[in-house]
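Secondary and tertiary structure notes
If you want the building blocks of each chain, they are given just below.
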There are 2 protein chains.
Amino acid sequence: MPRDTLTRDQIVQTAIELLDADGLEGLNMRSLGKRLDSAATAVYWHVKSKDNLVVLAGDQVWDEIELPDPAAVGWRAAATSMATDLYAMLTRHPWLVQALASHLFHGPAKARHDDHSLAVYETAGFAGAEADQAAATVFMFVLGNALGESATAALTRRLSRDGGDAEGVIRDTMARATEVAMRFPRLRARIEAAPVADYGAAPDNSFAFGLRAILDGLEARLAARRVGRDAR
Amino acid sequence: MPRDTLTRDQIVQTAIELLDADGLEGLNMRSLGKRLDSAATAVYWHVKSKDNLVVLAGDQVWDEIELPDPAAVGWRAAATSMATDLYAMLTRHPWLVQALASHLFHGPAKARHDDHSLAVYETAGFAGAEADQAAATVFMFVLGNALGESATAALTRRLSRDGGDAEGVIRDTMARATEVAMRFPRLRARIEAAPVADYGAAPDNSFAFGLRAILDGLEARLAARRVGRDAR
DNA sequence: GCCTTGACTTGAACATTGTGCAAGTAGCGA
DNA sequence: TCGCTACTTGCACAATGTTCAAGTCAAGGC
């Protein structure tokens with residue numbers, strides 16, 4: 001019987017679980033070791049550093065995104081599906097957004113996603129650099145949305161970790177935020193219109209609204225180009 | 001002569017300088033203390049914790065953004081100006097993006113910005129929740145773009161801190177990234193078209209392209225609504 | 001002019017965490 | 001059985017956030 005030995009995949013998998021549960025600063029080598037039934041430093045045989053591990057984990061999760069066939073469902077449906085899937089993935093793994101802000105990711109799983117994203121916008125009719133820019137536009141929008149999500153996830157994690165008076169802290173945070181907002185006319189109006197504000201998230205349906213608007217804008221650009229070409 | 005004593009503003013100001021220079025993980029209480037000519041722990045009299053300090057610093061910088069008058073320059077120019085200014089600000093302070101991913105910000109300076117942003121989109125013709133959603137769309141897009149910027153800033157900082165073979169590491173990183181990308185047809189085509197790729201940033205002009213597309217999309221929505229109303 | 005009070009400052013600690021290193025151990029081929 | 005390679009372990013150190021008791025300075029009342 002072979003000694004059961006750690007594998008890199010196993011480590012990355014466990015790291016993802018830990019990251020999902022405790023966030024980026026919740027992951028530490030000692031608890032990772034405990035979860036793997038090994039010494040903390042055993043991990044260093046398989047992985048260069050904690051940063052390296054996070055990058056590995058942060059590539060892995062891109063494989064969770066489905067790649068719809070734009071030829072089958074239409075480019076717009078495909079783009080919407082990919083954006084929505086990506087948003088969901090980033091919401092499942094809020095630590096990834098934090099990691100994206102401090103590390104460069106160039107792993108194969110992300111490359112697979114990026115390549116397909118390009119395919120979708122090329123199917124739509126964008127060529128060369130424009131496909132790139134169109135894809136980047138939607139991508140950046142999704143990233144921004146996920147960033148807000150990541151912050152609230154971090155807050156609730158901090159609260160549940162510090163235990164105790166989570167409700168109180170939230171109420172306090174909201175009260176403080178509301179007090180500041182009330183000094184500005186439009187923010188005040190918004191609060192008075194919807195008094196049950198969440199603590200700082202994006203407005204309802206903002207993601208769907210924004211995505212539609214962006215795709216509309218891209219579609220208009222395509223149409224304009226087509227007209228230009230037809231008139232030639 | 002009064003003893004010269006620390007002030008909260010002075011601390012926040014110095015923290016911002018340090019954050020700009022060394023990034024979020026480069027800021028530590030001891031070097032902050034040294035820069036302030038005081039003991040590291042003196043700061044704790046004025047500020048609850050490091051997190052708290054970062055939130056304070058992270059609100060301050062929103063005041064750097066100019067607020068154009070949409071009635072004077074037109075809503076679209078105003079929106080473009082605010083988005084561009086915000087992007088520039090986030091690029092000047094890349095740590096803020098990281099902070100945004102892990103903390104909620106509800107300070108007065110950000111509120112001032114948000115309120116004016118709403119004003120711009122209300123001037124454009126969006127009412128109530130729609131103004132909110134339109135503003136959020138552009139905001140999220142800018143945030144996403146800044147996130148990429150933040151990651152490359154963090155990399156170059158890490159490189160210059162670790163000193164030594166920065167060029168080598170960059171070349172190495174790029175080589176590795178390229179090697180992965182070459183396995184995917186569209187990424188490969190992109191690389192072959194523009195062999196002097198930067199290490200993972202957004203495509204050229206992507207920000208301007210995307211912003212235009214988004215504003216086009218929003219404008220179309222306004223026009224559609226206006227037509228609907230006129231037809232009534 | 002002294003003294004009390006409260007606003008700050010300091011230095012010494014402690015806990016947590018990433019990581020290097022030398023020594024150990026298990027399995028496998030010879 | 002020997003030894004080699006692939007891993008694992010425990011110890012240790014350095015960096016860093018934070019606490020706390022003790023100090024120090026300035027201003028106001030007497």
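Residues numbered from 1 in each chain as written. Chains lettered and ligands numbered in written order. Predicted model: local features only at pLDDT ≥ 70, side-chain atom pairs only at ≥ 80, totals over all residues. Heavy atoms only, no water.

Turning to the overall build of chain A, a few remarks are in order. In terms of regular secondary structure, chain A is built from twelve helices and zero strands. Counting helices and strands in the order they occur from the N terminus, chain A gives α-α-α-α-α-α-α-α-α-α-α-α. In terms of overall dimensions, chain A is more spread out than a globule: its C-alpha atoms have a radius of gyration of 22 Å, far above the 17 Å expected for 232 residues. For chain A, the C-alpha atoms occupy an extent of roughly 70 × 55 × 25 Å along the three principal directions. Here chain A, with 232 residues, has 47% of them falling under the buried criterion. Residue pairs in contact within chain A that sit at least 24 positions apart in sequence constitute 73% of those at least 6 positions apart. As displayed, chain A offers around 11500 Å² of accessible surface, 53% of which is attributable to carbon and sulfur atoms. Chain A carries 26 positive and 31 negative side-chain charges, and their two centres are separated by 5 Å. (Helix = DSSP H or I, 4+ residues; strand = E, 2+ residues; numbered from the N terminus. Rg over C-alpha atoms; globule rule 2.2 N^0.38 Å. Buried < 20%, exposed > 50% of the residue type's maximum accessible area, 1.4 Å probe, protein only. Contact = heavy atoms within 4.5 Å. Areas by Shrake-Rupley, 256 points an atom, 1.4 Å probe, with all protein chains shown as cover. Lys, Arg positive; Asp, Glu negative; His and termini not counted. Charge placed at Lys NZ, Arg CZ, Asp CG, Glu CD.)

Glancing now at the domain arrangement of chain A. Residue and element names in this part refer to chain A. Parsing chain A into structural domains produces domain 1 (8-57) and domain 2 (61-231). Taking only C-alpha atoms, the centre of domain 1 and the centre of domain 2 are 27 Å apart. Contacts between the two partners involve twelve residues from domain 1, matched on the other side by ten residues from domain 2. Counting each side, the surface lost to burial between domain 1 and domain 2 is near 1000 Å², with a carbon and sulfur contribution of 61%. Ranking the residues of domain 1 by area buried against domain 2 places D20, L24 and V55 at the top, with a combined share of 42%. (Domains from an automatic or database assignment. Buried area = accessible area lost by both parts, 1.4 Å probe.)

Turning to the side chain of A:H93, a few remarks are in order. Here A:H93 lies in the loop between helix 6 (75-92) and helix 7 (94-100). Among the polar contacts made by the side chain of A:H93, one reaches the side chain of A:E64 at a distance of 2.9 Å. (Polar contact = N/O pair within 3.5 Å; in protein donor to acceptor, adjacent residues only side chain to side chain.)

Taken together, 20 residues form the shell around DNA strand D, and within it A:A39, A:H46, B:R30, B:Y44 and B:K50 come nearest. In DNA strand D, atoms within 4 Å of the protein come from the sugar-phosphate backbone in 50% of cases. In this structure, B:R30 approaches DNA strand D through a side-chain N or O atom, which is 2.7 Å from a base nitrogen. For the surface near DNA strand D, the secondary structure elements donating two or more residues are helix 3 (43-46) of chain A together with helix 2 (29-35) of chain B. The residue inventory of the surface near DNA strand D, partitioned by class, reads eight nonpolar, seven polar and five charged. (Near = heavy atom within 4 Å. Nonpolar A, V, L, I, M, F, W, Y, C, P; charged D, E, K, R; others polar.)

Moving on: the environment of B:A111. Mapped onto the elements, B:A111 comes out in helix 8 (residues 108-124). You can call B:A111 buried: its relative accessible area is 8%. For the pair formed by B:A111 and B:W75, sequence separation is 36 residues and the distance between their alpha carbons is 20 Å. Among all residues touching B:A111, those that are not within four sequence positions of it are A:V180, A:F184 and A:L187.

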